[in-house]
Amino acid sequence: MNEKTRQILDQVRRLYYRFGIKSVTMDDVARHLCISKKTLYEHFKDKEDLVEKVMELEYEERNNRFQDIERKNLNAIEELFEVYQMLNSFYRNFNPSMEYDIRKYYPDLYIKIKDIRRKRMYDSTLNNMNRGKTEGLYRPEIDTAILSKLHLFRVENLSDNDLFSIDELISFKFFHEIFVYHIHGLLSEKGRKFFEANFRKYQDTLA
């Protein structure tokens with residue numbers, strides 16, 4: 001992907017975050033970028049191709065950030081803190097209508113994205129739990145495979161219900177409660193002491 005295409009995709013992504021996918025036409029994109037539709041179609045076959053490339057960029061950047069965290073060689077709890085910060089930043093800009101539009105109007109793309117996201121989340125959660133057990137930070141008796149699937153199930157189904165409003169789902173308080181609930185189900189006594197001694201400094205960076 002060349003730099004010009006990447007710049008276009010980043011601008012389109014901002015439009016999708018703000019207005020959703022369905023309501024943003026190719027004419028809207030061309031006007032926003034101050035280019036002709038002909039130039040736009042030199043980069044993308046049609047709107048579906050544009051949407052797919054935006055989502056590929058989204059996944060690539062998020063995956064790169066996960067890999068950056070993994071390369072820091074943190075302990076399991078520190079790694080969760082870093083992921084917590086990253087995802088909090090992401091959800092501050094997230095527009096739930098993007099997910100809805102992809103699922104409704106681009107079902108094949110939605111399934112592709114869901115499968116990729118699911119594998120990444122399951123693998124990273126499982127690896128984190130196994131390392132936490134090895135480090136003595138998580139309880140030795142937890143079944144990491146079951147809990148990783150349970151965590152994945154919970155995350156995937158958060159937006160698929162009418163119990164929470166959109167404002168609740170994207171709020172910092174909601175995300176905070178989900179994170180604390182998740183990690184307290186894993187911690188050993190050693191892990192609990194480390195968590196309580198270090199969580200405040202991570203919270204302060206999110207203000």
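Residues numbered from 1 in each chain as written. Predicted model: local features only at pLDDT ≥ 70, side-chain atom pairs only at ≥ 80, totals over all residues. Heavy atoms only, no water.

Draft legend 1. View of helix H8 (residues 144-157). In this model H8 runs 20 Å from its N-terminal to its C-terminal C-alpha over 14 residues, within 8% of the 20 Å that 1.5 Å per residue would give. Contacts from the buried residues of H8 go to helix H7 (107-134) and helix H10 (172-184). The N-cap of H8, judged by a side-chain oxygen 3.2 Å from the amide nitrogen of alanine 145 a few residues on, is aspartate 143. (Helix = DSSP H or I, 4+ residues; strand = E, 2+ residues; numbered from the N terminus. Expected span 1.5 Å × (residues − 1). Contact = heavy atoms within 4.5 Å. Polar contact = N/O pair within 3.5 Å; in protein donor to acceptor, adjacent residues only side chain to side chain.)

Draft legend 2. Up close: helix H1 (residues 3-19). Taking 1.5 Å of rise per residue, the 17 residues of H1 would be expected to cover 24 Å, and the 24 Å separating its terminal C-alpha atoms lies within 8% of that figure. Listing the buried residues of H1 in full gives Thr5, Ile8, Leu9, Val12, Arg13, Leu15, Tyr16 and Tyr17. Against the buried residues of H1 lie helix H2 (26-33), helix H3 (37-43), helix H4 (47-70), helix H5 (76-93) and helix H6 (96-105). At the N-terminal boundary of H1, the capping side chain belongs to asparagine 2, with an oxygen 3.2 Å from the backbone nitrogen of lysine 4. (Buried < 20%, exposed > 50% of the residue type's maximum accessible area, 1.4 Å probe, protein only.)

Draft legend 3. Region of interest: unusual backbone geometry. Unusually for a residue other than glycine, cysteine 34 sits at a positive phi of about 60°. Given a relative accessible area of 72%, cysteine 34 falls into the exposed group. You will see that asparagine 73, though not glycine, has its phi angle at about 55°, which is positive. Within the fold, asparagine 73 resides in the loop between H4 and H5.

Draft legend 4. Representation of the side chain of glutamate 58. Examined against the element boundaries, glutamate 58 turns out to sit in helix H4. Relative accessible area serves as the criterion here: at 8%, glutamate 58 is assigned to the buried category. A polar side-chain atom of glutamate 58 sits 3.2 Å from a polar atom in the side chain of arginine 13. Separated by 2.6 Å, the side chains of glutamate 58 and tyrosine 17 make a polar contact.

Draft legend 5. View of the packing of aromatic side chains. Across all of its chains, the model carries seven aromatic pairs by this definition. Measuring from centroid to centroid gives 6.4 Å for phenylalanine 81 and phenylalanine 179, while their planes differ by 45°, and the two rings are tilted. You can see phenylalanine 81 sitting in helix H5 and its partner phenylalanine 179 sitting in helix H10, a full 98 residues away along the chain. Both residues of the pair, phenylalanine 81 and phenylalanine 179, belong to the buried class. Between the aromatic rings of tyrosine 84 and phenylalanine 179, the centroid separation amounts to 4.2 Å while the plane-to-plane angle is 25°, which identifies the pairing as stacked. Here tyrosine 84 is found in helix H5, whereas its partner phenylalanine 179 is found in helix H10, with 95 residues between them in sequence. Among the aromatic side chains, those forming a connected cluster through ring pairs are Phe81, Tyr84, Phe179, Phe195 and Phe199. (Phe/Tyr/Trp six-rings, centres within 6.5 Å; stacked < 30°, edge-to-face > 60°.)

Draft legend 6. The packing of H4 against H5, seen in detail. Close contact between H4 and H5 brings their axes to 10 Å; oriented N to C, the two are set at 155°. Judged by the inter-axis angle, H4 sits roughly antiparallel to H5. Handedness of the crossing formed by H4 with H5: right-handed. In this structure, H4 contributes Glu58, Arg62, Arg65, Phe66, Ile69 and Glu70 to the contact, and H5 contributes Glu79, Glu82, Val83, Met86 and Phe90. Classifying every residue of the contact of H4 with H5 by side-chain character gives five nonpolar, no polar and six charged. (Axes fitted to C-alpha atoms, helices over the stretch in contact; angles between N-to-C directions. Parallel < 35°, antiparallel > 145°, perpendicular 65-115°, else oblique. Left-handed = near helix turned anticlockwise from the far one by under 90°. Nonpolar A, V, L, I, M, F, W, Y, C, P; charged D, E, K, R; others polar.)

Draft legend 7. Spatial organisation of the nonpolar core. Counting 26 residues, the largest nonpolar core has Tyr16, Val29, Leu50 and Met55 as the members making the most contacts within it. Going through the elements one at a time, H1, H2, H4, H6 and H7 are the ones with two or more residues in this core. Per element, the largest residue contribution to this core is six residues, and it comes from H1. If sequence neighbours within four positions are ignored, valine 29 has contacts with Val12, Leu15, Val24, Leu40 and Leu50. Tyr138, Ile142, Leu187 and Phe199 belong to the second largest nonpolar core, which has 23 residues in total. (Core = buried A, V, L, I, M, F, W, Y, C linked by side-chain atoms within 4.5 Å.)

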